[in-house]
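Observations on the model geometry
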Amino acid sequence: MSDLIFLFNKNSYLLIPKKLMDSLEQYRQEPSSATEKGGVLIGLYRTPHIEVTQFTTPKPEDICKRNSFTRYSKSHIETVMHSWQNSNSTETYLGEWHTHPEKDAYPSSFDLNEWRKNLPRDRTKVLIIIGQNNNWYGVWDEGVIKSLNPIFAS
Ligand SMILES: [Zn+2]
């Protein structure tokens, strides 16, 4: 796999570096008894583009079940705040990632409802679901969840 680039809006690109995806894919739900994992995505709004640069990983306070991941730990948001402070106020909260126990990841109706209910509407947010074979990528943009396919591999 190479760096992933998505067109999420007219002239607006989302960049997810290969290195970051390689790290995220270490959380793939294999064997099939493994529980869901997740965290938040951190990165840069290079208006009109977006670049994901970091992610947080499950903490003991989070609830990882076979078919759900619930983020309870405050440490995810503390990491976002530290990134903001250590980056001259450029790296910020970008969205959410979690794994699914299915070959081709796709958001559940529970996921869609949670995102619609909880994601801030101020700016575009990035969503990643790591599947056992294929991942799902999307954005929350102007109150709509859009599925994305990579358009260019560098
Ligand atoms: Zn899910």
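For the structure itself, look to the data block above.
Keep in mind that what you see is a predicted model, and the values were worked out from it rather than measured. (Residues numbered from 1 in each chain as written. Predicted model: local features only at pLDDT ≥ 70, side-chain atom pairs only at ≥ 80, totals over all residues.)

A closer look at the overall build of the protein chain
Summing up its helical and strand segments, the protein chain has 3 helices and 11 strands in all. In the protein chain, the order of α-helices and β-strands from amino to carboxyl end is β-β-α-β-β-β-β-α-β-α-β-β-β-β. Taking 15 Å as the expected radius of gyration for a compact globule of 154 residues, we find that the protein chain reaches 15 Å, a close match to that expectation. Oriented by its inertia axes, the alpha-carbon framework of the protein chain measures out at about 40 × 35 × 30 Å. Across the 154 residues of the protein chain, 30% fall into the buried class. Partitioning the contacts of the protein chain with sequence separation of at least 6, the portion at a separation of at least 24 is 62%. (Helix = DSSP H or I, 4+ residues; strand = E, 2+ residues; numbered from the N terminus. Rg over C-alpha atoms; globule rule 2.2 N^0.38 Å. Buried ≥ 20, exposed ≤ 12 C-beta atoms within 10 Å, placed from the backbone. Contact = placed C-beta atoms within 7 Å.)

Observations concerning the environment of Leu4
With respect to the secondary-structure elements, Leu4 resides in strand 1 (residues 4–9). Since 23 C-beta atoms lie within 10 Å of it, Leu4 is described here as buried. Other than its neighbours up to four places away in sequence, Leu4 contacts Ile16, Met21 and Pro150.

Brief notes about helix 2 (residues 75–86)
For the α-helix, the turn length of 3.6 residues means that residues three or four positions removed from each other point alike. Helix length check: helix 2 (12 residues) gives 16 Å between terminal C-alpha atoms against 16 Å at 1.5 Å per residue, within 8%. Asn88 sits one or two positions beyond helix 2 and adopts a positive phi of about 60 degrees. (Expected span 1.5 Å × (residues − 1).)

Observations regarding the nonpolar core
With 24 residues, the main nonpolar core has Leu41, Leu94, Val126 and Ile128 as its most contacted residues. When residues of this core are traced back to their parent elements, those giving at least two are strand 1, strand 2 (12–16), helix 1 (18–24), strand 3 (38–46), strand 4 (49–55), strand 7 (91–99), strand 8 (125–130) and strand 9 (136–141). With 5 residues, strand 8 is the single largest residue contributor to this core. Once residues within four sequence positions are removed from consideration, Ile128 is found in contact with Leu24, Leu41, Trp97, Asn135 and Tyr137. (Core = buried A, V, L, I, M, F, W, Y, C linked by C-beta atoms within 7 Å.)

Describing the pairing of strand 9
For a regular strand, the rule is simple: side chains alternate between the two faces of the sheet. Bridge count for strand 8 against strand 9 is 5 bridges, and the pairing is antiparallel. Residue pairing in the sheet places Ile128 in a bridge with Tyr137 of strand 9. With antiparallel pairing between neighbouring strands as the criterion, strand 8 and strand 9 make up a hairpin whose turn holds 5 residues. Judged from the 5 bridges that link them, strand 9 and strand 10 (residues 144–148) form a sheet pairing that is antiparallel. When the bridges of strand 10 are listed, Trp140 appears paired with Ile145. Linkage of strand 9 to strand 10, two consecutive antiparallel strands, is achieved through a turn of 2 residues, within which Glu142 is found at a positive phi near 50 degrees. (Pairing = 2+ DSSP bridges.)

A few points about the environment of Thr57
Tracing the chain through its elements places Thr57 in the loop between strand 4 and strand 5 (63–65). For Thr57 and His98, which are 41 residues apart along the polypeptide, the C-alpha to C-alpha distance reads 9.5 Å.

Topic: the pairing of strand 1
In this structure, strand 1 lies alongside strand 2, joined through 5 bridges in antiparallel fashion. Its bridge partner being in strand 2, Phe6 is matched across the sheet by Leu14.

Describing the environment of Ser147
As for its position among the elements, Ser147 is in strand 10. Assessed through the 12 C-beta atoms surrounding it within 10 Å, Ser147 is described here as exposed. For the pair Ser147 and Leu127, spaced 20 residues apart in sequence, the C-alpha to C-alpha distance is 9.1 Å. Leaving out residues up to four positions away in the same chain, Ser147 has contacts with Trp136 and Gly138.

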